[in-house]
Amino acid sequence: MQYDVIVVGGSFAGLSAAMYAARGRRKVLVIDAGQPRNRFAEHLHGFFGQDGRAPSDILDEARAQLLAYPTVTVIEGRAERAAIAGTGFEVEMDNGEGFGATRLVLATGVRDILPDVPGLAGQWGKTVLHCPYCHGYEVAGGPLGVLATGAMSLHQAELISDWGDVTLFANGLFEPDADQARVLEKRNIRFEPAKVSEVQDDGSGGLVVRLDGDRSASVRALFTAPRNVMTSPLAEQLGCAFSEGPLGRAIVVDDKQQTSVPGVFAAGDAARLMHNIAFAVSGGAMAGVAAHQSLVFG
């Protein structure tokens, strides 16, 4: 089946891209694996007009609004392969079904690789967090922790100290040099070098961080900056260029979200190194507009 635009990914960037392509009266297919990155978070913050809502509720409403456009189809499943086919593209699903399109938008997202600390994964999106702008206001004013993933975590601790009293848990990964020690002192950040053996819910909405040596510390929330990887192989299969960041790769795009492969656009967390829902929606809108305009003027 042939479409004008296939959007792979049905979260914030993908639905935004599909909406704009649909408003250009183009035939659009959205392929959604149903695994948005923020599915672990109960509430979303800092997104204009939607502060405090559940991400799943926003996505459900956005999908319903998108399906009101008669040229849109949304299917559930995972796109496993993509290839250039003539003047367009072919996308194959995990069940073997195939679709064709003249333009392709990759809104495939990334997957977080959490530090290997017992108890951490179960608290991810609740009291183990990554973005202070998304979650910091709600836990501000109390003791906060930063679980290091490397020496760069010092910068995360500096930032988060604007929200509360911070302890940087180095987890045995590094010792601060003289310059770093001065930064810690200037920002009143406590440095804990010991390895973290476990994190546990304290039963009152916070966390107990257990350390080697039978010690522990209590925090309202623990921030960390996990590495991330692409959730989909499609960009690599198509030959898209990537850039390397401190926490992972991103698909290279221009100011219109065009990748290095003509006719392939990308948006969302897979296509930028700084991640935020508002950025994802903005990038998706541009990708949808640019994909439509490329069909008109290309």
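Residues numbered from 1 in each chain as written. Predicted model: local features only at pLDDT ≥ 70, side-chain atom pairs only at ≥ 80, totals over all residues. Heavy atoms only, no water.

- An unreviewed UniProt entry lists the protein chain under the name Thioredoxin reductase, from Mesorhizobium vachelliae.

## What about the pairing of strand β2 (residues 28–32)?
Okay, step 1: Across the five residues that make up β2, a large majority, five, are buried.
Okay, step 2: Neither face of β2 is exposed, since Val28, Val30 and Asp32 on one face and Leu29 and Ile31 on the opposite face are all buried.
Okay, step 3: Direction of pairing for strand β1 (residues 2–8) relative to β2: parallel, over a ladder of four bridges. Along β2, the bridge assignment pairs Ile6 with Leu29.
Okay, step 4: Considered for its hand, the β-α-β crossover made up of β1, helix α1 (residues 12–23) and β2 is right-handed.
Okay, step 5: In terms of strand pairing, β2 meets strand β3 (residues 72–76) through five bridges, oriented parallel. (Buried < 20%, exposed > 50% of the residue type's maximum accessible area, 1.4 Å probe, protein only. Helix = DSSP H or I, 4+ residues; strand = E, 2+ residues; numbered from the N terminus. Pairing = 2+ DSSP bridges. Right-handed = clockwise from strand over helix to strand, strands pointing away.)

## Quick look at the packing of α1 against helix α2 (residues 55–67)
Okay, step 1: The N-to-C vectors of α1 and α2 enclose an angle of 20°; their axes lie 10 Å apart at closest approach. Comparing their axes, α2 and α1 come out roughly parallel. Relative to α2, α1 is oriented so that their crossing is left-handed. Residues Phe12, Leu15, Ala18, Met19 and Ala22 of α1 lie in contact with α2, whose contacting residues are Pro55, Ile58, Leu59, Ala62, Arg63, Gln65 and Leu66. (Axes fitted to C-alpha atoms, helices over the stretch in contact; angles between N-to-C directions. Parallel < 35°, antiparallel > 145°, perpendicular 65-115°, else oblique. Left-handed = near helix turned anticlockwise from the far one by under 90°. Contact = heavy atoms within 4.5 Å.)

## Observations concerning the packing of α1 against helix α7 (residues 277–297)
Okay, step 1: For the pair α1 and α7, the least separation of the axes is 7 Å and the interaxial angle reads 30°. The orientation of α1 relative to α7 falls into the category roughly parallel. Crossing hand, α1 versus α7: right-handed. In this structure, α1 uses Phe12, Ala13, Ser16, Ala17, Tyr20 and Ala21 to contact α7, whose residues at the interface are Ile277, Ala280, Val281, Gly284, Ala285, Ala287, Gly288 and Val289.
Okay, step 2: Looking at the contact of α1 with α7 residue by residue, the classes come out as eleven nonpolar, three polar and no charged. (Nonpolar A, V, L, I, M, F, W, Y, C, P; charged D, E, K, R; others polar.)

## Brief notes about helix α4 (residues 153–160)
Okay, step 1: Buried residues of α4: Ser153, Leu154, Gln156, Ala157 and Ile160, and no others. One side of α4 carries all its buried residues, which in axial view fall inside an arc of 160°.
Okay, step 2: If you follow the buried residues of α4, they end up packed against α3 (132–139), β9 (143–147), β10 (165–169), α5 (178–186) and β15 (221–224). (Arc of directions from axis to C-beta.)

## Here's the deal with the packing of aromatic side chains
Okay, step 1: Scanning the entire structure with this criterion turns up four aromatic pairs.
Okay, step 2: The interplanar angle of 90° and the centroid separation of 6.2 Å between the aromatic rings of Phe12 and Phe47 together place this pair among those described as edge-to-face. Of the two residues, Phe12 is situated in helix α1 and Phe47 in the loop between β2 and α2; the sequence distance between them amounts to 35 residues.
Okay, step 3: For Phe12, a relative accessible area of 9% translates into the label buried.
Okay, step 4: For Phe47, a relative accessible area of 17% puts it in the buried group.
Okay, step 5: For the ring pair Phe174 and Phe191, a centre distance of 5.7 Å and an interplane angle of 65° mean the geometry is edge-to-face. With Phe174 in the loop between β10 and α5 and Phe191 in strand β11 (residues 190–192), this pair connects stretches of sequence that are 17 residues apart.
Okay, step 6: Residue classification places Phe174 among the buried residues on the basis of a relative accessible area of 12%.
Okay, step 7: Judged by its relative accessible area of 23%, Phe191 is partly exposed.
Okay, step 8: Stacked on the ring of Tyr3, the Lys or Arg Lys27 has its end atom at 5.2 Å from the ring centre.
Okay, step 9: One residue, Arg249, lies across the ring of Phe242, its end atom 3.9 Å from the ring centre. (Phe/Tyr/Trp six-rings, centres within 6.5 Å; stacked < 30°, edge-to-face > 60°. Lys NZ or Arg CZ within 6 Å of the ring centre and 35° of its normal.)

## Examining the sheet that holds strand β13 (residues 207–211)
Strands belonging to one sheet form pairs held by backbone hydrogen bonds; the direction of such a pair is parallel or antiparallel.
Okay, step 1: With antiparallel pairing, three strands are arranged side by side in an open sheet as β12-β13-β14. On the outer flanks of this sheet lie β12 (196–201) and β14 (215–219), each paired with one strand and no other. Neighbour-to-neighbour, the strand axes of this sheet turn through a mean angle of 20°, independent of strand direction.
Okay, step 2: Where β12 and β13 come together, five bridges link them in antiparallel fashion.

## Structural notes on α5
Okay, step 1: The N-capping residue of α5, defined by a side-chain oxygen 3.1 Å from the backbone nitrogen of Asp179, is Asp177.
Okay, step 2: Phi turns positive, to about 55°, at Asn188, one or two residues after α5. (Polar contact = N/O pair within 3.5 Å; in protein donor to acceptor, adjacent residues only side chain to side chain.)

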